[in-house]
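# Observations on the model geometry
Now for the letters of each chain:
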Amino acid sequence: MSPLLTEIRQNRLLWLLAGVPVLFAVQAGKPDAHTALFVLSILAIVPLAALLSCATESVAVKTGDTVGGLLNATLGNLTELIIALTALRAGQYVLVKASIAGAIVTNTLFMLGACFVLGGLKHHVQEYNRNSARLQAGLLFVATIALLIPSMLAERDPTRAAAEFSQSLSLGLSALLIASYALGMLFSLKTHREFFEGAKHEEGDQVVWPTTLALGTLAGVTVLVALVSEIFVESVQQAAETFGMTPAFVGFIVVALVGGAAEMASAFSGARKNRLDLSVGIALGSASQIALFVAPVLVLLSYLLGPAPMDLQFWPGAVAMMLIATITASFVTNSGRSAWFVGMLLLNVYLIFAMTLYLLPPKVN
């Protein structure tokens with residue numbers, strides 16, 4: 001426990017962990033204080049995300065950036081999955097779909113762009129394994145096409161028979177996407193692992209935690225983030241009305257940013273330490289995992305948990321944004337090199353989407 005306690009003492013951001021029990025106390029004493037719970041839950045996730053970042057970096061030092069990035073993306077997406085499941089049980093399908101689309105766009109544009117900016121400002125030009133980036137971008141493109149087809153057909157034929165066809169098609173596509181994700185993991189981690197290895201890095205003055213402590217911290221923090229996320233979801237709708245935000249903007253921007261806080265902390269830290277393979281792996285790996293695994297799983301679970309089955313039909317604006325984000329990420333990661341201005345371009349595209357959603361919310365079903 002010594003490395004963990006030392007990290008908490010030295011990192012002032014982790015002092016905010018004292019706010020986690022405060023959040024639980026307010027939730028127990030004043031469950032109707034939605035605005036206060038909304039703000040406190042966001043503040044509680046920040047230090048938890050930082051702690052998760054420290055533990056993930058220790059694991060990545062021993063397993064390599066490829067496995068480390070996958071591990072961080074999986075744990076980070078667990079938070080987003082819990083948020084989506086909570087909304088799914090409540091029948092808030094607009095929020096669920098907006099959070100899926102928002103997480104994909106946020107990870108490919110905001111997280112990746114911020115990593116390029118932060119790393120580029122410190123290291124001028126950075127390099128990373130473009131084979132890994134190409135694989136994740138390719139998987140993401142396939143998933144985007146799978147989300148495009150049901151949405152396109154529904155726009156052309158809004159009858160009940162078409163809706164039933166869309167539901168059946170969504171089930172088939174969900175199974176196909178999950179299988180594609182599994183095969184992609186087999187390809188990158190087993191049969192062709194040598195093509196996706198990141199560059200070796202010196203540990204320097206970094207204190208590497210014992211594996212048991214790092215994994216235990218990952219598990220404990222993930223549970224805490226899940227509990228905080230449930231409070232966040234319960235309060236987000238009421239708080240959104242207070243702040244004048246629509247469900248689409250909340251799901252696409254707010255939930256995506258809060259749900260991805262843990263991944264972003266690790267990705268940003270990796271970029272600053274010139275470990276861009278880890279950062280790119282987290283950003284694109286998380287986006288592809290959401291599109292190929294989380295979204296299909298939510299469709300399947302909607303038959304058990306939701307008031308009605310959910311399909312993969314998204315409103316046209318969301319599909320367009322996901323497709324543009326995927327193509328943009330594929331374009332900028334093709335060379336395997338980055339600088340801060342490349343990141344600014346990605347951030348600009350994200351800000352265009354954010355302003356559009358806030359000022360002119362899309363029509364959703």
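In the block above lies the structure referred to throughout.
Values in this document were obtained by computation on a predicted structure and should not be read as measured data. (Residues numbered from 1 in each chain as written. Predicted model: local features only at pLDDT ≥ 70, side-chain atom pairs only at ≥ 80, totals over all residues. Heavy atoms only, no water.)

Moving on, we come to the overall build of the protein. Across its full length, the protein holds 13 helices and two strands. Sequence separation of at least 24 residues holds for 86% of the intrachain contacts in the protein that already meet a minimum separation of 6. (Helix = DSSP H or I, 4+ residues; strand = E, 2+ residues; numbered from the N terminus. Contact = heavy atoms within 4.5 Å.)

Moving on to the environment of valine 236. Tracing the chain through its elements places valine 236 in helix 8 (residues 211-243). The exposure class assigned to valine 236 is buried, which follows from its relative accessible area of 2%. Separated by 18 residues in the primary sequence, valine 236 and valine 254 have C-alpha atoms spaced 9.1 Å apart. Residues in contact with valine 236, not counting those within four places in the same chain, are Phe38 and Val250. (Buried < 20%, exposed > 50% of the residue type's maximum accessible area, 1.4 Å probe, protein only.)

On to the packing of aromatic side chains. Under the criterion given, the structure shown has five aromatic pairs. With a centroid separation of 5.3 Å and an interplanar angle of 45°, the aromatic rings of phenylalanine 110 and tyrosine 350 are classed as tilted. Pair noted here: phenylalanine 110 is in helix 5 (residues 93-123) and tyrosine 350 is in helix 13 (residues 340-359), with a separation of 240 residues, a long-range link. Judged by relative accessible area, tyrosine 350 falls into the buried class, the value being 4%. Ring centres 6.0 Å apart and planes at 35° place the aromatic pair tyrosine 181 and phenylalanine 293 in the tilted group. Here tyrosine 181 is found in helix 7 (residues 160-191), whereas its partner phenylalanine 293 is found in helix 11 (residues 276-305), with 112 residues between them in sequence. With relative accessibility at 10%, the residue tyrosine 181 sits in the buried group. (Phe/Tyr/Trp six-rings, centres within 6.5 Å; stacked < 30°, edge-to-face > 60°.)

Applying the stated criterion across every chain, the model contains two salt bridges. Among the salt bridges present, the one from aspartate 311 reaches lysine 97, with a minimum N-O distance of 2.8 Å. With aspartate 311 in the loop between helix 11 and helix 12 (316-332) and lysine 97 in helix 5, the pair connects residues that are 214 residues apart, well separated along the chain. Considered together, aspartate 311 and lysine 97 belong to a single accessibility category, that of buried residues. Arginine 337 is the salt-bridge partner of glutamate 127, the closest N and O atoms lying 2.8 Å from each other. Here glutamate 127, found in strand 1 (residues 126-127), pairs with arginine 337, found in strand 2 (residues 337-338); they are 210 residues apart in sequence, far enough to count as distant. (Salt bridge = Lys/Arg side-chain N within 4 Å of Asp/Glu carboxyl O.)

The next thing to look at is empty space enclosed by the protein. Picture a little ball the size of a water molecule; that probe, rolled over the atoms, points out where space is still empty. Counted according to the given criterion, the structure contains two cavities of 30 Å³ or more. In this structure, the second largest cavity is lined by Asn77, Glu80, Leu81, Ala84, Ser99, Ile100, Ala103, Val255, Ala256, Ile290, Val294 and Leu298. Contributing elements (two or more residues each) for the lining of the second largest cavity: helix 4 (65-89), helix 5, helix 9 (247-259) and helix 11. Tallied by class, the residues present in the lining of the second largest cavity amount to nine nonpolar, two polar and one charged. (1 Å grid on protein atoms, 1.4 Å probe; cavity = no way out; pocket = protein on both sides within 12 Å on 5 of 7 lines; lining within 4 Å. Points joined across faces, edges and corners; volume = space filled by probe spheres on them. Nonpolar A, V, L, I, M, F, W, Y, C, P; charged D, E, K, R; others polar.)

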